[in-house]
Amino acid sequence: MPDETKMRVIGVPRRRVDARAKVTGQTRFADDIVLPRMAYCKLLRSPHPHARILKVDTSRAAAHPGVYLVLTGKDVPIEYGILPVSQDEQALCVDHVRHVGDPVAAVVAREELTAFEALDLIDVEYELLTTISDPEEALATPAPRIHEYGEEGNIHKRVSLEFGDVEQGFAEADEVFEDTFFYQGNTHLAIEQHASVAIKDPDGKLTIWSSTQTPHYLHRALAKVLQMPPGHIRVIATPNGGGFGGKSDPFNHEIVVSKAALLLDRPVKICLTREEVFYCHRGRHPVLMKFKTGVKRDGTITGMHLQTLIDGGAYGSYGVASTFYTGALQTTTYKIPRYRFNGCRTFTNKPPCGPKRGHGTVQPRFGQEVQLDKIAEKLNIDPADLRLHIAESSNALTANFFRLSVVNLSECIRRVVKSSDWKDKFRKMPEGRGVGLACSAYLTGAGLPIYWNKMPHSGVHIKFDRGGGVAVFCGATEIGQGSDDVLAGIVAEVLGLDTFDIRLYTGDTDLGPVDLGSYSSRVTIMAGNAALQAAERGKAIIAEAAAEKLGIPAERLRFADKRVFDSLAPEIGITFAEAVCLAEAKFGTMGTMGSYAPPKSPALYKGGGVGPSPTYSYTAAVVELNVNPATGWINVQKIWIAHDIGRALNPTLVRGQVEGSVYMGLGEALMEEQEFRRLPKKLSHALVHKFPSILEYKSPTSLDMPEVFTELIEEPDPRGPFGAKEVGQGPLLPIMPAVANAVYDAVGVRIDEVPITPEKILKALAEKKAGREPRFGPSHFPHVDWPEALRVPPPWEGGDGHAVNDSPRPGKRSPEKEKVRSS
Amino acid sequence: MITLPTESQKTAHIRLTLNGEETDVSFAPYKTLLEVLREDLGHTGTKHGCELGECGACAVLLEGKPVLSCLLLAIECDKKNVLTVEGLGADGQLHPLQDAFADLGAAQCGYCTPAILVTAKALLDQNPHPSRDEIRQALSGNLCRCTGYLQIFEAVEAAMAKIAGCEKAGA
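Residues numbered from 1 in each chain as written. Chains lettered and ligands numbered in written order. Predicted model: local features only at pLDDT ≥ 70, side-chain atom pairs only at ≥ 80, totals over all residues.

A.B. asks: I tried to follow the overall build of chain B on my own but got confused; where do I start?
C.D. replies: Check the secondary structure of chain B and you find 5 helices and 5 strands. Its helices and strands taken in sequence order, chain B reads β-β-α-β-β-β-α-α-α-α from the N to the C terminus. Its C-alpha radius of gyration of 17 Å places chain B within 12% of the 16 Å reference for a compact globule of 171 residues. Each principal axis of the C-alpha distribution contributes one length, and for chain B these read about 60 × 35 × 25 Å. The 171 residues of chain B split such that 56% are buried. By sequence separation, contacts in chain B at least 24 residues apart represent 58% of the contacts at least 6 residues apart. (Helix = DSSP H or I, 4+ residues; strand = E, 2+ residues; numbered from the N terminus. Rg over C-alpha atoms; globule rule 2.2 N^0.38 Å. Buried ≥ 20, exposed ≤ 12 C-beta atoms within 10 Å, placed from the backbone. Contact = placed C-beta atoms within 7 Å.)

Structure below.
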């Protein structure tokens, strides 16, 4: 690692490498692509939440002037899905629709309007089935099954894990707390609607440009459904106009336009309407949860039992992972010596839920942090002090066998306590004004890939040309978070160049080596480490050639200011371009590669694959707000947030990620919700989205954004490139509970449910006035038949990371086994 | 029964000044200004997020004032002056707003950026020294899901200072 006092790029607030394109409107998003002879596609979507398809008659649509092609489920019948264990989607439903908006047929026409008109000419006969609208209904209604796979009935996945004897933990506690919380679902609302353009290349292969966060996984899904060799498919992820997890699944529309382009031998485009985007969804799962936590009088946790009941919507999506995630990260934040987790995801006849910023960990984080606030009050301990007492520390191995790296949670807490004047405000401000504190931890990249394999998670090629040009090739996908700038910054720092000297070829499955995608906050650490390795290898080769020319040892050379020179006598040197030519003359054509795979996790039990990460980020936040007791209206005044990032590669972008997370968290805390309602009986009684429009799906505007004071804790993490950890998701997590805790400080009512709306506050205030429990939130957690828990003794009870009661573990998971599990 | 697809019937015709350039365009008469800009005039810098006037991503300046181009029929724009993001810079140089947005992290995914830039330009043209609250108000119809708005406000303020400084230096 270079002498950090001399770093010119890393750590310097910089214009991002793709900024010019963005401020001139020249960034080419998927819907900006227009090709000669391009046709347009529209999808016919189910108006029913749950039905059998009896008959689809496309003859009238096919005969409509200007229509080139009509496709139905029979044309693309092969099932796919993001996870190998839930290959449960069809690009066009064959015989079963599972939510309003499920696609049934596609029309491709010369004009978009023609395609739209022709949808009305497709005749579909449905047989309506019982609609299952929430998890409790799903538990109570095993038939009709929404899917033929899954645990049983309409239960998709149940998980039971136990790390140590939790009952013993409760027995040792001075107090045991039981609290139930509900986290409503919400959606990503990226401003760019999903769009794709597919062409049959002149050589007969397929190329698709698409607003996807995961071109590699789309590549795999296309190969499977279209039954083409992957080498004949090229996926180009266009820069995403916001993703937040909403463009991480392979989507039906992507498969449909690909199929149509191959059949028609002409470019085919689709751009979803905003309403369709709401029905694509894959957003935050609604989660009902119950926390039972035992504590000593000083706040030490003796045991925790968490149950989550998850509304998965109509398909698997990332749901199995989401289910595990609702129970994974409790232990990475606070010391929990004994921990039991039960999670259950059900199918319902709603748009499928999936990963949204903070994937699966956001909902239990809300519950855990609000419960800690209640525990602190009961124990008469300041909530900040309580958290400092139980905060995890560096290099710990958690009860569920996640290895932590650098942990600066305590420092985050101390910083926000100081900067917010917490000690002078908490429980000391006038009625109606309050402060709340919450913390969080988040992954810096998922430790395992989505499909099991031993290959790198990210790869980078660097090409050096004779003019000193450096081109970086990587599958990493720019979704606005700055992945291109991460790559350029790291390579520029190592080679002594400017970021604007670097050419980037990213998100293209043909050009660059695989990067698994922009999810799980993995790009900075994984693509970053791959880029670092490739750049260091290039530097070593160039240095050897330059050292020979300059007659000084290679170790003494420094790369900076586009020169390679003697660090002891900087005037002795050559230009970077000259050095590259020397290297090419000496070693041949210049290119290097780097790759990265996360370290092996000690969590060896079944289910231990979700949650391990090379390292975790930590965040603490204090929210100060006013609550108007007459209207219930919340006015957030200020937010102080400290984030343990390891190293800020580009502080300008890091601040943007923190503030953007705070913003999105406030939206979830205060207003955003993916709500459904039944149409009146005479109008089909379908379960429809209540607000499938931006106007009615409320999100914060520029008028709603409070002041945010961001502090970064920079202790470089040895596992991150230049010490960097993630920042894109973690800072969202503490916002919702901090708001809830501040509401309690302001007006003395507990809102154990997100979003925290004025209506709920008024109801809780009415309860308070009536002398009842001053609270709004769920009252019970339904009975779930949990399977016998896999018992994994924690490290301090002699555990080795395996379950003691699991069936013999196969030597390795084979693709065949996955196939069986998915069928 | 439709014999010729509606979109092919480019029976409407207008002449407008687009980014300072006299421009003739023929299009199907039902089309919005947004559609004509993107589809008939190849100006894809202006974006769409809802096509219902909800997100603000399609804002352009009509006679110097921000309008939602998805709610405006193009035939209403005959003989009008339209400015889009493509017309912000001049002589190969970025507009000070563009520079400030690029330097200060005000564009993350960049999708809402073109509309926010032209909206901010209209604000500064009309009020060269807006307060933070006036900036908030002016941009309240433009949703941004990435930034949390704060770096956008700062970029508008930085551009404001730069423009004021240039004018002072030029005076």
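From this point on, the discussion continues.
A.B. asks: Whenever I open this one, the overall build of chain A confuses me. Can you help?
C.D. replies: Each helix and strand counted, chain A has 21 helices and 32 strands in total. Radius of gyration (C-alpha) of chain A: 27 Å, near the 28 Å computed for a compact globule of 823 residues. Taken along its principal axes, the extent of the C-alpha atoms in chain A is 85 × 70 × 60 Å. Counting every position in chain A, which comprises 823 residues, the buried fraction comes to 61%.

A.B. asks: What is the right way to read the interface of chain B and chain A from this model?
C.D. replies: Many descriptions give the size of an interface as the accessible area lost when the pieces come together. Each partner contributes to the interface: chain B provides 44 residues, whereas chain A provides 45 residues. When residues of the side of chain B that touches chain A are traced back to their parent elements, those giving at least two are α2 (96-103), α3 (113-126) and α5 (150-170) of chain B. When its residues are assigned to classes, the side of chain B that touches chain A shows 22 nonpolar, 16 polar and 6 charged. (Nonpolar A, V, L, I, M, F, W, Y, C, P; charged D, E, K, R; others polar.)

A.B. asks: Honestly, the domain arrangement of chain A in this entry has me stumped. Any pointers?
C.D. replies: Residue and element names in this part refer to chain A. Splitting chain A by domain gives domain 1 (4-27 + 455-596), domain 2 (33-129 + 191-242 + 247-280) and domain 3 (287-448 + 604-776). Its C-alpha centre places domain 1 at a distance of 37 Å from the equivalent point of domain 3. With 21 residues of domain 1 at the contact, the number on the domain 3 side is 24 residues. Here the side of domain 1 that touches domain 3 gets 6 residues from one element, more than from any other, and that element is helix α16 (residues 523-550). Classifying every residue of the side of domain 1 that touches domain 3 by side-chain character gives 8 nonpolar, 9 polar and 4 charged. (Domains from an automatic or database assignment.)

A.B. asks: Mind showing me how you'd approach the packing of helix α6 (residues 215-226) of chain A against helix α7 (residues 252-264) of chain A here?
C.D. replies: Helices that pack against each other are described as a pair by the angle of their axes relative to one another and the distance between those axes. All names here are of chain A. With their axes 10 Å apart at the nearest point, α6 and α7 run at an angle of 55° to one another. The angle between the axes of α6 and α7 places the two elements in the oblique class. As for how α6 packs across α7, the hand of that crossing is right-handed. Across the interface between the two elements, Leu218, Ala221, Leu222, Val225 and Leu226 of α6 pack against Glu254, Ile255, Ser258 and Lys259 of α7. Here the residues of the contact of α6 with α7 are counted per class, giving 6 nonpolar, 1 polar and 2 charged. (Axes fitted to C-alpha atoms, helices over the stretch in contact; angles between N-to-C directions. Parallel < 35°, antiparallel > 145°, perpendicular 65-115°, else oblique. Left-handed = near helix turned anticlockwise from the far one by under 90°.)

A.B. asks: Just checking my understanding: could you explain the packing of α2(B) against α3(B) for this structure?
C.D. replies: All names here are of chain B. It is at 10 Å that the axes of α2 and α3 come closest, and there the two elements cross at 130°. Classified by the interaxial angle, the pair formed by α2 and α3 is oblique. Between α2 and α3 the crossing geometry is right-handed. Within the contact between the two elements, α2 uses Leu97, Gln98 and Phe101 and α3 uses Thr113, Leu117, Ala120 and Lys121. Across the contact of α2 with α3, the residue classes break down as 4 nonpolar, 2 polar and 1 charged.

A.B. asks: I tried to follow the sheet that holds strand β5 (residues 81-83) of chain B on my own but got confused; where do I start?
C.D. replies: Note: strands within a sheet are paired through backbone hydrogen bonds, in either parallel or antiparallel orientation. Residue and element names in this part refer to chain B. Judged by pairing direction, the sheet is mixed, and its 5 strands sit side by side in the order β2-β1-β5-β3-β4 without closing on themselves. For this open sheet the edge positions go to β2 (21-27) and β4 (65-68), each flanked by a neighbour on one side alone. Pairs of neighbouring strands in the sheet enclose a mean axial angle of 40°, with direction left out of account. By the bridge criterion, 2 bridges tie strand β3 (residues 59-62) to β5 in an arrangement that is antiparallel. Bridged to Leu61 within β5 is Leu83. Across the sheet, α3 touches β3, β4 and β5, and the angle it forms with β3 is around 35°. (Pairing = 2+ DSSP bridges.)

A.B. asks: How do you make sense of unusual backbone geometry when you look at a structure like this?
C.D. replies: Generally, phi is negative for residues other than glycine and the peptide bonds are trans, each holding for most cases. Residue and element names in this part refer to chain A. Residues Ala143 and Pro144 are joined by a peptide bond in cis, for which omega reads 0°. Inspection of the secondary structure puts Pro144 in the loop between α4 (135-140) and β7 (155-163). The residue after Val754, namely Pro755, is reached through a cis peptide bond having omega 0°. Examined against the element boundaries, Pro755 turns out to sit in the loop between β30 (753-754) and α20 (758-769). In this model, Phe244 sits at a positive phi of 60°, which is unusual for a non-glycine residue. By secondary structure assignment, the location of Phe244 is in the loop between β11 (233-237) and α7.

A.B. asks: Would you explain the pairing of strand β8 (residues 175-183) of chain A in this entry?
C.D. replies: The two faces of a sheet get side chains in turn, since along a regular strand they alternate between them. Residues and elements named next belong to chain A. Of the pairings in the sheet, the one linking β8 to strand β13 (residues 287-295) comprises 9 bridges and is antiparallel in character. Looking at β13, one finds that Phe181 is bridged to Met289. Alignment of β8 against β30, held across 2 bridges, turns out to be parallel. From the neighbouring strand, Phe182 faces β30, where its bridge partner is Glu753.

A.B. asks: It is not clear to me how the sheet that holds strand β22 (residues 573-575) of chain A should be interpreted in this structure. Could you clarify?
C.D. replies: Residues and elements named next belong to chain A. Taken in spatial order, the 3 strands of this open sheet run β20-β21-β22, and their pairing is antiparallel. Of all the strands in the sheet, the pair left with one neighbour each is β20 (557-560) and β22. Direction aside, neighbouring strands of the sheet carry axes that sit 15° apart on average. Two elements, β20 and strand β21 (residues 563-566), share 4 bridges in a ladder whose sense is antiparallel. Following the sheet pairing, Arg558 is matched in β21 by Phe565. Set on the sheet, helix α17 (residues 576-587) makes contact with β21 and β22; between it and β22 the angle comes to about 90°.

A.B. asks: In this structure, what is going on with the pairing of strand β25 (residues 634-644) of chain A? I would like to understand it.
C.D. replies: Residues and elements named next belong to chain A. Within β25, 8 of the 11 residues are buried, leaving the element largely enclosed by the surrounding structure. Sheet topology places strand β24 (residues 616-627) next to β25; 10 bridges connect them, and they run antiparallel. Each bridged residue has a counterpart across the sheet, and for Ala621 the counterpart in β25 is Ile641. With 7 bridges joining them, β25 and strand β28 (residues 707-713) adopt parallel strand pairing. Paired with Asp644 across the two strands is Ile713, which belongs to β28.

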